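# Residue-level structure breakdown
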Amino acid sequence: MAQRGKAARDSIAQRRVGLALALVVLPVLAGCKVVPLAVDRAARERLAGAFDAGRYVDALWDAQAAPYWTKVAAPLPELAAAFDQDLDAAGARNGRRAGDGSPWTFVAKGRGVVAGVDTTARAGRVIVAMPAARGQARDVQIQVGPVVSGSTLRDSLPFVTFNDFSNQIAYAEVGGAMSRRAVVQARPVAQGLKVGDPVAFVGAFALSKADDPIVLTPVRLERAPAER
């Protein structure tokens, strides 16, 4: 009887220990996010000091970044109408800031007609005339490189922040690597365009003032079928 009583007490104690461990572990697991192995590997390399920005961006692009841009991209004519009214309100609703005092960064999608193409300059651009939505029509300058200014793609991602990196250099390298990755897809398309061609795009741009020119770094640029 004494042995059975001791065994029962041991069993109860073990269950209590197991329950305590579960109460500790479950909140930790609830706060975790599942990331692809390639992204996790790149993050560990970053923390270990063996950081390769290109490999980090390649791992992140298809797994997390591209789906995010596709999901949050707002129609540019509607977005322009909103920030023409109140840039800060539009930014709080549809944009993000990389840091205090930084410009608002927006992710947008749109369709327009090519009004100009220059792929011979180092900072090549495609000018797209956009229709108006409750406001003035606007031209969009789509950067097609090979030189791309700014880091709007990096700054548009809420899961890539300065605090994730060991120093400013690594953070800047990620911005450059994302721009180069964008050009790989966009530049060949741009080289085949001419004035009057319809195009569709998704990309990011930054604004400090509502009347600043829209200079967009594309994550997708494609010739669109002609409207009937």
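Please read these numbers as outputs of a predicted model, since none were measured by experiment. (Residues numbered from 1 in each chain as written. Predicted model: local features only at pLDDT ≥ 70, side-chain atom pairs only at ≥ 80, totals over all residues. Heavy atoms only, no water.)

On to the overall build of the chain. Counting secondary structure elements, the chain contains seven helices and seven strands. Sequence-ordered secondary structure for the chain, helices as α and strands as β, is α-α-α-β-α-α-β-β-β-β-α-α-β-β. The proportion of buried residues among the 228 residues of the chain is 39%. Excluding contacts between residues fewer than 6 apart, the proportion of contacts in the chain whose partners are at least 24 apart in sequence is 65%. Accessible surface, the chain: about 12900 Å² in total, of which carbon and sulfur atoms supply 56%. (Helix = DSSP H or I, 4+ residues; strand = E, 2+ residues; numbered from the N terminus. Buried < 20%, exposed > 50% of the residue type's maximum accessible area, 1.4 Å probe, protein only. Contact = heavy atoms within 4.5 Å. Areas by Shrake-Rupley, 256 points an atom, 1.4 Å probe, with all protein chains shown as cover.)

Residues at a pLDDT of 70 or more form 75% of the chain, whose mean pLDDT is 82. This stretch, residues 16-33, has a pLDDT under 50; its non-local contacts, to residues over four places away or in other chains, come to two contacts. (pLDDT = per-residue confidence, 0-100.)

This paragraph deals with helix 5 (residues 87-94). Structurally, the α-helix is built with 3.6 residues per turn, so residues lying three or four positions apart point the same way. Taken together, the buried positions of helix 5 are Leu87, Ala90 and Gly91. Viewed end-on, helix 5 has its buried residues packed into an arc of 100°, placing them on one side of the element. Those residues of helix 5 that are exposed and aimed more than 90 degrees away from the buried face are Ala92 and Arg93. The opening residue of helix 5 is Asp86, an N-cap whose side-chain oxygen sits 3.2 Å from the backbone nitrogen of Asp88. (Arc of directions from axis to C-beta. Polar contact = N/O pair within 3.5 Å; in protein donor to acceptor, adjacent residues only side chain to side chain.)

This next bit is on the nonpolar core. Ranked by internal contacts, the top residues of the largest apolar core, which has 28 residues, are Phe83, Phe106, Ile142 and Phe205. Take this core: its biggest share by element is five residues, from helix 4 (residues 76-85). Excluding residues within four positions of it along the chain, Phe205 makes contact with Leu76, Leu79, Phe83, Trp104, Thr105, Phe106, Ala108, Thr152, Ile214, Val215 and Leu216. In terms of nonpolar packing, the next biggest core, distinct from the first, is built from 23 residues, Tyr56, Val57, Phe165 and Val174 among them. (Core = buried A, V, L, I, M, F, W, Y, C linked by side-chain atoms within 4.5 Å.)

On to helix 3 (residues 53-72), then. For helix 3, which comprises 20 residues, the first-to-last C-alpha distance of 24 Å sits more than 12% below the rise-based estimate of 28 Å (1.5 Å per residue). Along helix 3, the sharpest kink reaches roughly 65°, centred on Trp61. Listed as buried for helix 3 are Ala53, Tyr56, Val57, Ala59, Leu60, Trp61, Gln64, Ala65 and Trp69. The opening residue of helix 3, the one whose side-chain oxygen lies 3.1 Å from the backbone nitrogen of Gly54, is Asp52. (Expected span 1.5 Å × (residues − 1). Bend = angle between axes of the 7 residues up to and from the residue.)

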